[in-house]
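Close look at the chain arrangement
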Amino acid sequence: MKVEKIVLRKMSMQLKAPFRTSFGTQLQKQFIVSEVHTKEHIGYGECVAMTVPLYSEESVGGAWHVMEEFLIPLLFEQSELRHPDEVTACLAPIRRNNMAKAALEGAYWDLFAKQNDVPLAKALGGNKTAIEVGVSIGIEENIDDLYRLVEQYLQQGYRRMKIKIKPGKDVQVIAGLRQRFGNIPMMADANSAYTLEDIDLLKELDDFGLMMIEQPLAHDDIIDHAQLQKQLKTPICLDESIHSVEDARHAIELGSTKVINIKIGRVGGLTESKKIHDLCQKHGIPVWCGGMLESGIGRAHNIAITSLPNFTLPGDTAGSSRYWMEDIIKPEVTVSHDGLIHIPAEAGIGYEPVPELLDKYTIQKQEFIR
Ligand SMILES: O=C(O)CCC(=O)C1=CC=C[C@@H](O)[C@@H]1C(=O)O
Ligand SMILES: [Mg+2]
């Protein structure tokens, strides 16, 4: 892949409704779209870092700086990359900054798939024609609003409900949902809102048959999660704690987790995501693909990675209309009434970014010529 130009776009799009979690609320979503250009094709990626570094240490501004000052120069030092797996090695001298790395690496994977005229899912080794999807629901102040949203998403076919919880909005909320909707596939995501001192409360959640409890404890912990898992029946799923295949290996060996939420940006790209997928498959640990409120470009990458066989649980890749009045791709991502997203047969990410819509939501654009 002889990339001649890389383009970064800082995007600003408003979510249909505020998305609340235990650490904050998002409404005006900023993110970065990356483009890698050859004479024949453009590969697209998305940087999922948030405007404010509340989920992880990365932010939109920080990621832009790292890509501009360090990552893009490293990529341009390579006369030619033969395979996108080489991008991770090329960027390895720069510590962490995984979301920035993943935005560029993902664009190279899209370019590679387009050059080889295969869907990205196939280029990654995926074997599915469709993926099961769930939906993530933010914290609602009013329980009736939460019930209305769950009812709506069940009718739309989503295969699993992810409920955000935090102290004071946890046991009662889950109990109410169970009472109202019965034994629907449901999980809770705490985004690190608890500590081992809350163990009695977390044990109460054991009574509701949740599929998993996601990241109950500190964002950078696997030791306390191992202690907690010994005392919980409900599987713990790690999200924020896992930044690499080595983190996953440590967590599995310690017994800190029984499910892993793979987010391409959090772990530094598709190549590392595949490694985590393969390690978990070897250890009988199911994985699913988490979300970061992506636009259609990031959503398309999530769909492709979910085509790998050990993505056996519904992920957070909802349809475009879950978050956006209009998405920046055509066609938009849609979910069938039986909760499936059909994997595109077109080459690359399979959804075409629309230049006019990219421009409409671009608030800053910079071109880097090799
Ligand atoms: O993109 C989606 O639909 C999932 C959104 C979601 O649940 C999250 C996005 C970003 C950080 C967190 O708030 C949360 C998560 O932890 O998975
Ligand atoms: Mg999470």
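Reading guide: rules and limits
Residues numbered from 1 in each chain as written. Chains lettered and ligands numbered in written order. Predicted model: local features only at pLDDT ≥ 70, side-chain atom pairs only at ≥ 80, totals over all residues. Heavy atoms only, no water. Core = buried A, V, L, I, M, F, W, Y, C linked by side-chain atoms within 4.5 Å. Buried < 20%, exposed > 50% of the residue type's maximum accessible area, 1.4 Å probe, protein only. Helix = DSSP H or I, 4+ residues; strand = E, 2+ residues; numbered from the N terminus. Domains from an automatic or database assignment. Contact = heavy atoms within 4.5 Å. Pairing = 2+ DSSP bridges. Axes fitted to C-alpha atoms, helices over the stretch in contact; angles between N-to-C directions. pLDDT = per-residue confidence, 0-100.

A word on the nonpolar core. One finds Ile6, Met67, Met161, Ile163 and Ile328 to be the most contacted residues of the largest nonpolar core, which totals 124 residues. No other element matches the eleven residues that helix H3 (residues 98-115) contributes to this core. Counting contributing residues per domain, this core is built from domain 1 (5-117 + 354-369) and domain 2 (122-342), each supplying no fewer than three. Beyond its immediate sequence surroundings of up to four residues, isoleucine 163 is in contact with Ile137, Leu146, Val150, Val173, Ile174, Leu177, Met186, Met187, Ala188 and Asp189.

Our focus in this paragraph is the sheet that holds strand S3 (residues 42-47). Read from one edge of the open sheet, four strands run S3-S2-S1-S15, paired in antiparallel fashion. Each end of this open sheet is capped by a strand with a single partner; those strands are S3 and strand S15 (362-369). On average, each strand axis in the sheet is inclined to that of its neighbour by 25°, with strand direction left out of account. Summarising the sheet, strand S1 (residues 5-21) and strand S2 (residues 24-37) pair through 13 bridges and their orientation is antiparallel. If you follow methionine 13 over to S2, its bridge partner there is lysine 29. Running at roughly 150° to S1, helix H1 (residues 60-77) makes contact with S1, S2, S3 and S15 of the sheet. Against the sheet, H3 makes contact with S1, S2 and S3, and its axis sits at roughly 155° relative to S3, the strand it touches most.

Mean pLDDT over the protein stands at 97; residues scoring 70 or higher make up 100%. For this predicted complex, the interface confidence comes out at an ipTM of 0.96, alongside a pTM of 0.97.

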